[in-house]
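Residue-level structural notes
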Amino acid sequence: MDCKETRDLLPAHADRELGLRDAVEIDRHLIACPACQGEFARQSALRAAVKKHATRFTAPPHLENSIQAALPGETAHPAVPVKRMWHWNWLNVGAALASAVAIVWSFGLYLAVPSANDRIADEVVSSHVRSLMVNHIADIASSDQHTVKPWFNGKLDFSPTVSDFTAQGFPLVGARLDYLHGRPVAALVYRHRQHWINEYVWPASNRNESENALYTLNRQGFHIVHWSEHGMIHWVISDLNPRDLMTLVQLLRSGEGSPMAWSLVVEEIGWG
């Protein structure tokens, strides 16, 4: 897509109303076009602000009374309900079975609806794979946190913590802007030997999100770790083995290495 086509579809893309093909094409264009990327970030920020700060009004009591008065009243002689006898025949049995199947099927659909974490995990995997496929691992390539951190100024409404762990075997490669969970986020890139690691960071939107314990899972061959602390949400993803990935997670959380202690944590919490 060119810039005009992309910008015409940005509002629908922000609301996730596009088909898979159009959404992928727009994502590809946004990765390669800083101008459209900025426009998308502005529209997303405006959408979030309207959703958060829009004024809502409660209907006054007299309006409810007027609506109730305009509705047709009950008939003077309501129909007398007819008592129906239940006849045990194959028609009734079939109807009961059909109702039971419908209930079970509906309950199955409810259980199949992915949780919020599952949906974000899918977005994290897609973003990680795109960064590797199009060779767009970083917008700014640097191992100096004092270069990477200021780069985010003016691009995000928060300032992510940036650290380099070269001495511990996890050098900082750089960073880029990304879009997850309906908002622009910071993507910090690390490397361990030949493995790329993405850490996605953004502010929690409410108190329930601000402090959460470690949550681990596997998706499409990638290991993912998620946690929240100090009002920030973190998602880390890589094809790196779980033990080494947990070592980096510990470094990100505390700034100090302690692989021995974290090996116990890996065994204790398992890997979802």
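Remember, it's a predicted structure, so these values are computed and weren't measured experimentally. (Residues numbered from 1 in each chain as written. Predicted model: local features only at pLDDT ≥ 70, side-chain atom pairs only at ≥ 80, totals over all residues. Heavy atoms only, no water.)

Some words on the overall build of the protein chain
- Along the backbone of the protein chain there are 10 helices and 7 strands.
- Expressed as a percentage of its 272 residues, the buried residues of the protein chain come to 35%.
- Once local pairs closer than 6 in sequence are excluded, the contacts in the protein chain between residues at least 24 apart make up 54%. (Helix = DSSP H or I, 4+ residues; strand = E, 2+ residues; numbered from the N terminus. Buried < 20%, exposed > 50% of the residue type's maximum accessible area, 1.4 Å probe, protein only. Contact = heavy atoms within 4.5 Å.)

Observations regarding the pairing of strand E5 (residues 212-219)
- Pairing of E5 with strand E6 (residues 222-229), which is carried by 6 bridges, proceeds in the antiparallel orientation. Considered in E6, the bridge of Asn 218 is made with His 223. (Pairing = 2+ DSSP bridges.)

Some words on the pattern of salt bridges
- Scanning the entire structure with this criterion turns up 10 salt bridges.
- Linked by salt bridges that have partners in common, Asp 118, Asp 122 and Arg 219 make up one network. (Salt bridge = Lys/Arg side-chain N within 4 Å of Asp/Glu carboxyl O.)

Some thoughts on the pairing of strand E4 (residues 195-203)
- When strand E3 (residues 183-192) meets E4, the two strands line up antiparallel, connected through 7 bridges. Among the inter-strand pairings, Ala 187 is bridged to a residue of E4, identified as Tyr 200.
- What sits between E3 and E4 in their antiparallel hairpin is a turn of 2 residues, with Arg 193 showing a positive phi close to 55°.
- Bridge analysis of E4 against strand E7 (residues 232-238) gives 7 bridges, and the strand direction is antiparallel. Residue Trp 202 lies in a different strand from E7, and its bridge partner there is Ile 233.

Re the sheet that holds E7
- Sheet architecture is open: 7 strands sit in the order E1-E2-E3-E4-E7-E6-E5, paired in antiparallel fashion. At either margin of the open sheet sits one strand with a lone partner, and together these are strand E1 (140-141) and E5.
- Here helix H9 (residues 242-254) sits on the sheet in contact with E3, E4, E5, E6 and E7, set at roughly 20° to E6. (Axes fitted to C-alpha atoms, helices over the stretch in contact; angles between N-to-C directions.)

What to know about the side chain of Asp 27
- Inspection of the secondary structure assignment puts Asp 27 in helix H2 (residues 20-32).
- Looking at Asp 27, its side chain comes within polar contact range of the side chain of His 13, at 3.1 Å.
- Residues in contact with Asp 27, not counting those within four places in the same chain, are His 13 and Arg 130. (Polar contact = N/O pair within 3.5 Å; in protein donor to acceptor, adjacent residues only side chain to side chain.)

As for helix H1 (residues 3-14)
- A rise of 1.5 Å per residue sets the reference length of H1, with its 12 residues, at 16 Å; its end C-alpha atoms lie 16 Å apart and thus fit the reference within 8%.
- On the buried face of H1, the contacting elements are H2 and helix H3 (34-53).
- For H1, the side-chain oxygen to backbone nitrogen distance between the N-cap and Lys 4 is 3.3 Å, and the N-cap itself is Asp 2.
- At the exit of H1 stands Arg 16, carrying a positive phi of roughly 60°. (Expected span 1.5 Å × (residues − 1).)

Some words on H3
- When the terminal C-alpha atoms of H3 are compared, their 28 Å separation across 20 residues agrees well with the 28 Å that a helix rising 1.5 Å per residue should span.
- Here H3 has its buried residues at Cys 36, Glu 39, Phe 40 and Ser 44. In an axial view of H3, the angular spread of the buried residues amounts to 135°, which keeps them on one side of the axis. Residues Pro 34, Arg 42, Leu 46, Lys 52 and His 53 are exposed on H3 and point more than 90 degrees away from its buried face.
- Each element contacted by the buried residues of H3 is listed here: H1, H2, strand E2 (172-180) and E3. (Arc of directions from axis to C-beta.)

Description of the environment of Asp 178
- Positionally, Asp 178 belongs in strand E2.
- There is a polar contact of 2.6 Å between the side chain of Asp 178 and the side chain of Ser 127.
- A polar side-chain atom of Asp 178 sits 3.4 Å from a polar atom in the side chain of Arg 176.

Focus: the packing of aromatic side chains
- Evaluated as defined, the whole model comprises 3 aromatic pairs.
- Ring geometry for Trp 151 versus Phe 152: centroids 5.1 Å apart, planes at 75°, classification edge-to-face. For the pair Trp 151 and Phe 152, one class covers both residues: buried.
- When the ring centre of Trp 151 is taken as reference, the NZ or CZ atom of Lys 155 above it lies at 4.6 Å. (Phe/Tyr/Trp six-rings, centres within 6.5 Å; stacked < 30°, edge-to-face > 60°. Lys NZ or Arg CZ within 6 Å of the ring centre and 35° of its normal.)

Regarding the state of the cysteines
- Applying the stated rule across the entire model yields 0 disulfides.
- Its sulfur unpaired, Cys 33 is 3.6 Å from the next cysteine sulfur, which belongs to Cys 36.
- Given the relative accessible area of 11%, Cys 33 is considered buried. (Disulfide = S-S within 2.5 Å.)

Things to note about a nonpolar patch on the surface
- Together, Leu 63, Ile 67 and Leu 71 give the surface a local cluster of nonpolar side chains, amounting to about 270 Å² of exposed area.
- Turning to its location among the elements, Leu 63 is positioned in helix H4 (residues 61-70). (Patch = residues over 30% accessible without salt bridge, like charges linked within 9 Å, V, L, I, M, F, W, Y side chains within 5 Å. Areas by Shrake-Rupley, 256 points an atom, 1.4 Å probe, with all protein chains shown as cover.)

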